[in-house]
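Breakdown of the fold
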Amino acid sequence: MSIWVLEALKGVGRLLVQPLFYYGIALALVIGWRRVKRERSYFSIRVYNMFHESKLFWRSGLVAGGILSLAAVAIGIVLPRDAISMIALVTIAIGLTMQMRLLSPAYTMGLVFFIVSILANDKETAPALKRFFPELSETNMAALAILLALLLFVEAWLILQSGSIETSPQLAKSKRGFVVGEHWSQRLWFVPVLLPVTGELPSPFSWWPLFPVADDSYSLMLVPFLIGFSEHVQGMHPKASIRLTGKRVMLLAWIVSLFAIGGYWYAPLSMIAAALALIGREWLAFFQHRQDRLKPPYFSKREQGLVILGILPNSKAEKMELEIGEVITKVNGMTVKTETEFYEALQRNRAFCKLEVVNEHGEVRFVQGALYEDEHHELGLLFVKEREKWALEAV
């Protein structure tokens, strides 16, 4: 067993030589930079710095990866090294699209499943494929389907845990041509999973692994999985919408897992599991977008008050515990409907402000706080407003 403990430590060290690990770090920085550009184009100020996505890159994924590692090692999901390389190549290729939602394991692992199951066994493509990936055809398809299902559970959990944290406010045009607000959640999570791969050591237990490959010796490798998520929300509060998406992905994970487990005894069920993951995840994205756009815009100009679209971090508004989605109806006793009226009302008392706010449940509360001389026009609130020129339009 001491040999396997040493092998586990080596597996962790192998992470540092995997290009996908550094690719993920670079990708998180790029999407952060692109988000900052969008925020500046809308509000002439960034909401979060470009390292915001990099901070979230590490959040929660390490815990999920640890739990998934225990499950993978206990079950004995063994993959050949060529399968790991194919997962990395597909992930890198999809990442180049800059569409984070396509980095769902439903797409990355689903595509790898069909590449292995179809191309590796095709008489025309197999020889060329074996030249670069000689061990790819030895992949246990049931093990690959089980891993896909487990990663889908991880995606759902990550969406529920941190998908709605500090989403980015944006501006968009409604179907009627009006300017409305929306929130964009864009995430890239790093999930390191310790996987048994074909290698150098004999099996430590007679029953392990449950998913053997042609070789009967194994080693451990810490594989860096990248899981992405992206969602634009207009018709609901972003927390409610993203949480609903997380629950739907969790339900999909349960359905896929049932077929994947069945694939252990009946191979065609593994292919059904992969197909369900691909089709189901795409349908959930389409359904969420369609359902959201059928609702009236949540962040739009209202007859009574100003809806808070965004709050700058560490601002006066954040210290006053204002919340995104709340509606400011009065400022220093004056009714406000526009951003101009809001700041004019603040000028009435340069040392103090009192706000009447309606929360998302329709309850009225009062918020007040002292203002310093240089803060009377910088509470850190973002509202829906017209833009002189549309540099970007949300999709």
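This structure is a prediction, so every number in the text was calculated from the model and none was measured.

1. A word on the pattern of salt bridges
Tallying each qualifying case throughout the model produces eight salt bridges. Among the salt bridges present, the one from R35 reaches E39, with a minimum N-O distance of 3.0 Å. Placement of both R35 and E39 in helix α2 (residues 19-43) is noted, with a separation of four residues, approximately one turn of the helix. The same class applies to R35 as to E39, namely buried.

2. Examining the environment of T338
Tracing the backbone shows T338 in the loop between β7 (334-335) and α12 (339-346). On a C-alpha basis, the gap between T338 and K385 in space is 8.7 Å, while along the polypeptide they are 47 residues apart. Polar side-chain contacts of T338 include one of 3.1 Å to the backbone nitrogen of E341.

3. Brief notes about the environment of V116
Relative to the assigned elements, V116 resides in helix α6 (residues 105-119). For the pair formed by V116 and E138, sequence separation is 22 residues and the distance between their alpha carbons is 9.2 Å.

4. Let's talk about the environment of L312
Relative to the elements of secondary structure, L312 occurs in the loop between β5 (310-311) and α11 (316-319). Of the residues examined, L312 reaches a relative accessible area of 15% and is grouped as buried. Separated by 69 residues in the primary sequence, L312 and L381 place their C-alpha atoms 6.5 Å from one another. Those residues in contact with L312 that sit more than four places away from it in its chain are I45, R46, V47, E318, G380 and L382.

5. Some words on the nonpolar core
With 67 residues, the main nonpolar core has M109, L188, V191, L195, F225 and V256 as its most contacted residues. Per-element tally for this core: the top contributor is helix α8 (residues 141-162), with 14 residues. Aside from chain neighbours lying at most four places away, what touches F225 is I87, M109, L147, L151, W189, F190, V191, V193 and L195. Core analysis: the next-biggest nonpolar cluster, separate from the first, contains 19 residues, M320, I328, A345 and F383 among them.

6. Some thoughts on the confidence of the model for the chain
Here the chain averages 83 in pLDDT, and 83% of its residues register 70 or above. Taking the mean pLDDT of every element in the chain, the minimum, 58, falls on helix α1 (residues 2-13) and the maximum, 95, on helix α9 (residues 238-262). Throughout residues 388-395 the model reports pLDDT below 50, and contacts reaching past four residues in sequence, or to other chains, amount to 21 contacts.

7. Considering the packing of aromatic side chains
Summed over the entire model, instances satisfying the criterion amount to 16 aromatic pairs. Aromatic pair F57 and W58: ring centres 5.1 Å apart, planes at 85°, arrangement edge-to-face. Of the residues examined, F57 reaches a relative accessible area of 1% and is grouped as buried. Judged by centre distance (5.5 Å) and plane angle (40°), the rings of W283 and F286 are tilted. Taken together, the residues W283 and F286, both in helix α10 (residues 268-294) and three residues apart, mark about one turn of the helix. The exposure class of W283 is partly exposed, given its relative accessible area of 49%. Given the relative accessible area of 44%, F286 is considered partly exposed. When the ring centre of F366 is taken as origin, the NZ or CZ atom of K354, which lies over that ring, is 5.3 Å away.

8. Focus on unusual backbone geometry
Positive phi, normally seen in glycine, also occurs at S44, with a value near 60°. With respect to the element layout, S44 can be found in the loop between α2 and α3 (52-58). The phi angle at E321 is positive, at roughly 65°, despite the residue not being glycine. Along the chain, E321 turns up in the loop between α11 and β6 (327-331). The exposure class assigned to E321 is exposed, which follows from its relative accessible area of 58%.

Parameters and conventions
Residues numbered from 1 in each chain as written. Predicted model: local features only at pLDDT ≥ 70, side-chain atom pairs only at ≥ 80, totals over all residues. Heavy atoms only, no water. Salt bridge = Lys/Arg side-chain N within 4 Å of Asp/Glu carboxyl O. Helix = DSSP H or I, 4+ residues; strand = E, 2+ residues; numbered from the N terminus. Buried < 20%, exposed > 50% of the residue type's maximum accessible area, 1.4 Å probe, protein only. Polar contact = N/O pair within 3.5 Å; in protein donor to acceptor, adjacent residues only side chain to side chain. Contact = heavy atoms within 4.5 Å. Core = buried A, V, L, I, M, F, W, Y, C linked by side-chain atoms within 4.5 Å. pLDDT = per-residue confidence, 0-100. Phe/Tyr/Trp six-rings, centres within 6.5 Å; stacked < 30°, edge-to-face > 60°. Lys NZ or Arg CZ within 6 Å of the ring centre and 35° of its normal.

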